[in-house]
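Chain and residue survey
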Amino acid sequence: MAKGYWIARVDVRDVERYKDYVAAAKPAFEEYGANFLARGGAMTELEGTARGRNVVIEFPSMQAAVDCYNSPAYQIAAKIRQEAADAEMVVVEGV
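Right, let's walk through the structure included here. (Residues numbered from 1 in each chain as written. Predicted model: local features only at pLDDT ≥ 70, side-chain atom pairs only at ≥ 80, totals over all residues. Heavy atoms only, no water.)

1. Things to note about the overall build of the chain
- Helix and strand content of the chain: 3 helices and 4 strands.
- The order of helices and strands in the chain, counted from the N terminus, is β-α-β-β-α-α-β.
- Here the chain has a C-alpha radius of gyration of 13 Å; the compact-globule value for 95 residues is 12 Å, and the two agree.
- Looking at the chain as a whole, 31% of its 95 residues qualify as buried.
- Carbon and sulfur atoms make up 54% of the accessible area of the chain, which totals about 5,900 Å².
- Across the chain, the mean location of the 11 positive side-chain charges is 3 Å away from that of the 14 negative side-chain charges. (Helix = DSSP H or I, 4+ residues; strand = E, 2+ residues; numbered from the N terminus. Rg over C-alpha atoms; globule rule 2.2 N^0.38 Å. Buried < 20%, exposed > 50% of the residue type's maximum accessible area, 1.4 Å probe, protein only. Areas by Shrake-Rupley, 256 points an atom, 1.4 Å probe, with all protein chains shown as cover. Lys, Arg positive; Asp, Glu negative; His and termini not counted. Charge placed at Lys NZ, Arg CZ, Asp CG, Glu CD.)

2. Looking at the pattern of salt bridges
- This model, assessed by the stated rule, comprises 9 salt bridges.
- Ionic pairing is found between Arg9 and Glu88, a salt bridge with its closest N-O pair at 2.6 Å. Linking Arg9 in strand E1 (residues 4–12) with Glu88 in strand E4 (residues 85–93), this pair joins segments that are 79 residues apart in sequence.
- The class of Arg9 is partly exposed, set by a relative accessible area of 28%.
- Accessibility expressed as a relative area gives 32% for Glu88, which makes it partly exposed. (Salt bridge = Lys/Arg side-chain N within 4 Å of Asp/Glu carboxyl O.)

3. What about the sheet that holds strand E2 (residues 35–39)?
- Sheet architecture is open: 4 strands sit in the order E2-E3-E1-E4, paired in antiparallel fashion. Here the strands that pair on one side only, and so sit at the sheet edges, are E2 and E4. Sheet twist, expressed as the mean angle between neighbouring strand axes with direction ignored, is 15 degrees.
- Of the strand pairs in this sheet, E1 and E4 are connected by 9 bridges, and their pairing is antiparallel. If you follow Asp11 over to E4, its bridge partner there is Asp86.
- Against the sheet, helix H2 (residues 62–70) contacts E1, strand E3 (53–59) and E4, and its axis sits at roughly 155 degrees relative to E4.
- Where helix H3 (residues 72–84) meets the sheet, its contacts fall on E1 and E4, and the angle it forms with E4 comes to roughly 135 degrees. (Pairing = 2+ DSSP bridges. Axes fitted to C-alpha atoms, helices over the stretch in contact; angles between N-to-C directions. Contact = heavy atoms within 4.5 Å.)

4. A closer look at the nonpolar core
- Counting residues in each nonpolar core, the largest one holds 20 residues, and the members touching the most others are Trp6, Tyr21, Phe29, Phe59 and Tyr74.
- The set of elements that each furnish at least two residues to this core consists of E1, helix H1 (15–31), E3, H2 and H3.
- What Phe29 contacts, discounting residues up to four positions off in sequence, is Trp6, Tyr21, Ala34, Phe36, Ile57, Phe59, Cys68 and Tyr74. (Core = buried A, V, L, I, M, F, W, Y, C linked by side-chain atoms within 4.5 Å.)

5. So, the side chain of Ser71
- On the secondary structure map, Ser71 appears in the loop between H2 and H3.
- By relative accessible area, Ser71 is classed as buried at 4%.
- For Ser71, the contacting residues outside a window of four places in its chain are Ala28 and Tyr32.

Pasting the structure below:
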C-alpha cells in the first residue's frame with residue numbers, strides 16, 4: 001500500500017495563534033500516524049511564488065492522510081490555522 005503525503009505551503013499571519021493550531025493538531029497527527037519530513041526550515045525558491053513555510057507529512061496510506069484531514073480533531077485545528085495563516089494543502093500518493 002502506497003503512503004500518503006500532505007504537502008502544505010503556508011504564510012503565517014499570526015505566529016502566536018499558529019502555535020495554538022500546532023498544539024490542537026497534534027492529537028490528530030498522532031492518531032493517524034503522521035511523520036513530519038519537513039516542517040518549516042530553510043528553503044530555496046526555484047520557480048513560482050513561494051510561501052514562507054513548507055510542510056511535508058508522511059502517513060501510512062493515502063486513506064490515513066485524507067482521514068486525518070477530515071477527522072473532527074483536525075477540523076478543530078484547521079479552523080485555528082485558517083484564522084492564523086493562508087495555505088494551500090494537497091494530499092499526494094507515494095510511489
